[in-house]
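Architecture and fold: a report
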Amino acid sequence: GHGRGGSAHVRMEMDGPKRTIAKPWRWILALLATCWGATWTHATWQGHVGADGSELARWLDELGQVSDAHTPGAVTRLVFTPSDVRAREYVTGKMVEAGMKVRADKIGNLFGRWEGRDKKAPSILTGSHCDAIPLSGRFDGVVGVLGGIAAVKALKKSGFQPQRSIEVMMFTSEEPSRFGLSCSGSRAMAGVLHEDTVAALRDENDTTYLEAASAAGYGAKTIKQMLDDARVKENTYEAFVELHIEQGPILEQQGINIGAVRAIAAPAALRVRFHGGGGHAGALLMHYRNDAALAGAELALATERAAL
């Protein structure tokens, strides 16, 4: 969940699609229902509400087959490519099966809505992404999208009716693989993605972002129209919660099924230029040298020390 605001994030570690996930799902259902204003007893969660783990595992398997990669267990699904479009169709189908009203904005963010009793109240939003970097893991992002649909399906089956409307979404282009910019869908929703930034984006075939979005069935006549349509108005959402794999070893090593994130990485790219001087490889003694590569290595090591 990079670059997206909200009241909470939830991360779940899964070894594989066949692992029993009913217990973690009981917790995420409880968390989601709590965010949505439901009041449930512990016994209710134990006995009556739970997402179908085997069904979710099957969904993950099926969506994992929608890929441009032919490496077993790996997924390649770049934004607005045919595989990404097929993934969107798959997610849309699951939203429809769950009885949700589906819409998409012009940048390609996909939403499934479960109407609450108070239609005017700000909604609760959950979701993640389905685009995947080359040879990605099969659970990255998709657990938060398909898992949100599974949670809604389970809550509906239990007879729960939310006070606020609930939306499950798939962010467009969370990954930077095709255009070199991550989180373009959520940036557009937040109103921090600018026209000149989008206009400069090209893939390796010199296709523009707007051209690719339009070819996939989204886009608009102008970049401004596309961005204006995606921007979220104030008070549209009350809170956002995301279910995501940990992408690290800690939960599995400690035997913990689920954890609540208290802080999130904030990646930044900096360009540093080192200036050095040339000299004879054998005759110029080390204390006379001004080696730019060694200065860069010292910075890399200092950065590592600061991070440990």
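All of these numbers come straight from a predicted model, not from anything done at the bench.

**A few points about the pairing of strand 2 (residues 74-77)**
Because side chains alternate across strand 2, one face comprises the buried residues Ala 74 and Thr 76, and the other comprises Val 75 and Arg 77, equally buried. In the sheet, strand 2 pairs with strand 6 (residues 132-137) via 3 bridges, with the strands oriented antiparallel. When the bridges of strand 6 are listed, Ala 74 appears paired with Gly 137.

**Things to note about the confidence of the model for the protein chain**
In low-pLDDT segments, the atomic positions of the prediction should not be examined closely. Confidence along the protein chain averages 86 in pLDDT terms, with 84% of residues attaining 70 or more. The low-confidence segment residues 1-24, where pLDDT is below 50, has 81 contacts with residues more than four positions distant or belonging to other chains. A low-confidence stretch, residues 39-47 stays under pLDDT 50, and its non-local contacts, those more than four residues away or across chains, total 14 contacts.

**Comments concerning the pattern of salt bridges**
Between side chains of opposite charge, a pair can form as their charged atoms come close. Throughout the structure, instances matching the rule amount to 13 salt bridges. Here Lys 94 makes a salt bridge to Glu 97, at a shortest N to O gap of 3.5 Å. Taken together, the residues span about one helical turn, with Lys 94 and Glu 97 both in helix 4 (residues 82-97) at a distance of 3 residues. Among the charged side chains, a salt-bridge network with shared partners connects Glu 55, Arg 58, Glu 62 and Lys 153.

**Overview of the environment of Asp 61**
Along the polypeptide, Asp 61 turns up in helix 3 (residues 53-64). Taking the C-alpha atoms as reference points, Asp 61 and Gly 73, 12 residues apart in sequence, are found 9.4 Å from one another. There is a polar contact of 2.9 Å between the side chain of Asp 61 and the side chain of Arg 138.

**What about the nonpolar core?**
Among the nonpolar cores identified, the biggest contains 31 residues, and Leu 63, Val 91, Leu 146 and Ile 149 are the most heavily contacted of them. Secondary structure elements with two or more residues in this core: helix 3, helix 4, strand 4 (110-114), helix 5 (142-158) and strand 7 (166-171). The greatest single-element share of this core, amounting to 9 residues, is contributed by helix 5. Those residues in contact with Leu 63 that lie beyond four places of it in its chain are Arg 77, Ala 87, Tyr 90, Val 91, Cys 130, Val 142 and Leu 146. With 20 residues, the next largest nonpolar core counts Val 198, Ala 212, Tyr 218 and Ala 230 among its residues.

**Considerations on the packing of helix 4 against helix 5**
Two elements in contact, helix 4 and helix 5, have axes separated by 9 Å at closest approach and are oriented at 15°. With respect to each other, helix 4 and helix 5 are oriented roughly parallel. Like other packed secondary-structure pairs, helix 4 and helix 5 cross with a definite hand, here left-handed. Listed contacts from helix 5 to Tyr 90, Val 91, Lys 94 and Met 95 of helix 4 are Val 145, Leu 146 and Ile 149.

**Brief notes about the side chain of Arg 113**
Within the fold, Arg 113 resides in strand 4. Only 2.7 Å separates the side chain of Arg 113 from the side chain of Glu 167, close enough to count as a polar contact. Ignoring anything within four residues of it in the chain, the contact list for Arg 113 reads Met 100, Lys 101, Lys 119, Ser 123, Ser 165, Ile 166 and Glu 167.

**Concerning unusual backbone geometry**
Its identity is not glycine, yet Leu 135 carries a phi of approximately 60°, on the positive side. Checked against the element boundaries, Leu 135 lands in strand 6. Judged by its relative accessible area of 53%, Leu 135 falls in the exposed class.

**Notes on the packing of aromatic side chains**
For the structure shown, the criterion picks out 5 aromatic pairs. On the numbers, 6.2 Å between centres and 80° between planes, the contact of Trp 114 with Phe 160 is edge-to-face. Highlighted residues: Trp 114 in strand 4 and Phe 160 in the loop between helix 5 and strand 7, separated in sequence by 46 residues. There is no split in this pair, since Trp 114 and Phe 160 are both buried. Relative to Tyr 209, the ring of Phe 179 lies with its centre 5.1 Å away and its plane at 50°, an arrangement referred to as tilted. One end of the pair, Phe 179, is in the loop between strand 7 and helix 6 (184-190); the other, Tyr 209, is in helix 8 (residues 209-215), and 30 residues separate them in sequence. Taking the relative accessible area as the measure of exposure, Tyr 209 reaches 2% and is therefore buried. Cluster of aromatic residues (ring-pair linked, three or more members): Phe 80, Phe 179, Tyr 209 and Tyr 218.

Thresholds applied
Residues numbered from 1 in each chain as written. Predicted model: local features only at pLDDT ≥ 70, side-chain atom pairs only at ≥ 80, totals over all residues. Heavy atoms only, no water. Buried < 20%, exposed > 50% of the residue type's maximum accessible area, 1.4 Å probe, protein only. Helix = DSSP H or I, 4+ residues; strand = E, 2+ residues; numbered from the N terminus. Pairing = 2+ DSSP bridges. pLDDT = per-residue confidence, 0-100. Contact = heavy atoms within 4.5 Å. Salt bridge = Lys/Arg side-chain N within 4 Å of Asp/Glu carboxyl O. Polar contact = N/O pair within 3.5 Å; in protein donor to acceptor, adjacent residues only side chain to side chain. Core = buried A, V, L, I, M, F, W, Y, C linked by side-chain atoms within 4.5 Å. Axes fitted to C-alpha atoms, helices over the stretch in contact; angles between N-to-C directions. Parallel < 35°, antiparallel > 145°, perpendicular 65-115°, else oblique. Left-handed = near helix turned anticlockwise from the far one by under 90°. Phe/Tyr/Trp six-rings, centres within 6.5 Å; stacked < 30°, edge-to-face > 60°.

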